[in-house]
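Chain by chain, the residues:
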Amino acid sequence: MSTGTHRYEDLTRIRLEDPDAVQRAADSRTRHPGVVYGRQNFIVAADHPARGALSVRGEAGIMADRGDLLDRLQTALSNPAVDGVLASPDILDDLLLLGALDGKLVFGSMNRGGLTGLVNEIDDRFTGHTASALKRIGADGGKMLTRIHYRDPATVATLESTARAVSELAAEGLYAMVEPFISETVNGKVVNDLSPDAVIKSVGIAAGLGESSARTWMKLPVVEEMERVMAATTMPTVLLGGDPTERPDEIFATWEAALALPGVQGLTVGRTLLYPEDGDVAAAVSTAASLLRK
């Protein structure tokens, strides 16, 4: 993908001279026809920069060029098999202004305050979308990362904030996409426990948050014993990709096996597809789309 500061200069001009254009774009866009069980959904995630996470496969700053990221997102969204996007407010506003979200599912990223490496990273403040803002732009739901760290007292506040967001989204008639992890600190770095038992425990905790679970989805990593993991919930579940560390064929094989399980409603994947090893975003998206049940 090419880089440069001029290709998206119009976005800067619109933001300066006509900021209400974002809401007009949201009001005029065609909505997604709606989710149906068994017709798996494909959502591209692009909320990483808002957490200061700009690296992919150890390559620092690869996600820093906003024009390049928007190019990649538009390439992905142009595939009709891609149902939607999960993004922070800044990226979502750019995509609305570009007219890239017609007929797509839209999920806003709600908590971005737990910056990678921050001294109180687990105190994951809700600094992004609110339920009322998502309703106002015609979004379908909001997503929240919910890391449960048994040795960090900030976990309690994160759980309470997540519960409040789940309740507020449900009151607005929107989906809550909860992404839970059991986390720990290893050599000063917060890491997620991806053992099946830890993922199962995180699902049980996350499923009970909020006044109602009627509109709650799970967003879960693909781990070993996924059949046992999926047996832990009746909630619609989408699979996340994370920072790719394995070979692409190995990643796609694990996704394919997990997508065959009952309750798995699709993929919500970002860096693996937007920044593939060979640079071919369109091909990576097409391969992932071929794994989905339609």
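Everything below is about the structure printed above this text.
Rules used in this analysis
Residues numbered from 1 in each chain as written. Predicted model: local features only at pLDDT ≥ 70, side-chain atom pairs only at ≥ 80, totals over all residues. Heavy atoms only, no water. Helix = DSSP H or I, 4+ residues; strand = E, 2+ residues; numbered from the N terminus. Rg over C-alpha atoms; globule rule 2.2 N^0.38 Å. Buried < 20%, exposed > 50% of the residue type's maximum accessible area, 1.4 Å probe, protein only. Contact = heavy atoms within 4.5 Å. Areas by Shrake-Rupley, 256 points an atom, 1.4 Å probe, with all protein chains shown as cover. Phe/Tyr/Trp six-rings, centres within 6.5 Å; stacked < 30°, edge-to-face > 60°. Expected span 1.5 Å × (residues − 1). Pairing = 2+ DSSP bridges. Axes fitted to C-alpha atoms, helices over the stretch in contact; angles between N-to-C directions. Parallel < 35°, antiparallel > 145°, perpendicular 65-115°, else oblique. Left-handed = near helix turned anticlockwise from the far one by under 90°.

(A) Up close: the overall build of the protein. Secondary structure assignment for the protein yields eleven helices and nine strands. Taken over C-alpha atoms, the radius of gyration comes to 18 Å for the protein, in line with the 19 Å a tight globule of 294 residues would show. A principal-axis box enclosing the C-alpha atoms of the protein has dimensions of 50 × 40 × 40 Å. For the protein, buried positions account for 52% of its 294 residues. Counting contacts in the protein only where the partners sit at least 6 residues apart, residues at least 24 apart contribute 71% of the total. Here the protein has roughly 13,000 Å² of accessible surface; of this, 51% comes from carbon and sulfur atoms.

(B) Highlighting the packing of aromatic side chains. Going through the model one piece at a time under the given rule, you end up with three aromatic pairs. Measuring from centroid to centroid gives 4.9 Å for Tyr175 and Trp217, while their planes differ by 40°, and the two rings are tilted. Of this pair, Tyr175 sits in strand β5 (residues 175–186) while Trp217 sits in strand β7 (residues 216–221), and the two are 42 residues apart along the sequence. Taking relative accessible area as the criterion, Tyr175 reaches 24% and is therefore assigned partly exposed. Three or more aromatic residues joined by ring pairs form one cluster here, namely Phe107, Tyr175 and Trp217.

(C) Spatial organisation of helix α7 (residues 196–207). The terminal C-alpha atoms of α7, which comprises twelve residues, lie 16 Å apart, in line with the 16 Å expected from a rise of 1.5 Å per residue. Those residues of α7 not exposed but buried are Pro196, Ala198, Val199, Ile200, Ser202, Val203 and Ala206.

(D) The pairing of strand β4 (residues 141–149), seen in detail. In terms of residue burial, β4 counts as a mostly covered element, since nine of its nine residues are buried. As paired elements, β4 and β5 share nine bridges and run parallel to each other. What sits directly across from Leu145, in β5, is Glu179.

(E) Quick peek at the pairing of strand β3 (residues 105–109). Of all five residues in β3, five are buried, a share of seventy percent or more. Of the two faces of β3, both are covered, the one formed by Leu105, Phe107 and Ser109 as well as the one formed by Val106 and Gly108. Here four bridges tie strand β2 (residues 84–87) to β3, and the two strands are oriented parallel to one another. Paired with Ala87 across the bridge in β3 is Gly108. As paired elements, β3 and β4 share three bridges and run parallel to each other. Among the inter-strand pairings, Phe107 is bridged to a residue of β4, identified as Gly141.

(F) The arrangement of the packing of helix α2 (residues 21–28) against helix α4 (residues 89–97) in detail. Relative orientation of the contacting elements α2 and α4 amounts to 65°, with a least axis distance of 9 Å. By the angle between their axes, α2 is roughly perpendicular relative to α4. By crossing handedness, the relation of α2 to α4 is classed as left-handed. On α4, the residues that touch Ala21, Val22, Ala25 and Ala26 of α2 are Asp93, Leu96 and Leu97.

Treat this as a map of the structure, not an account of what it does.
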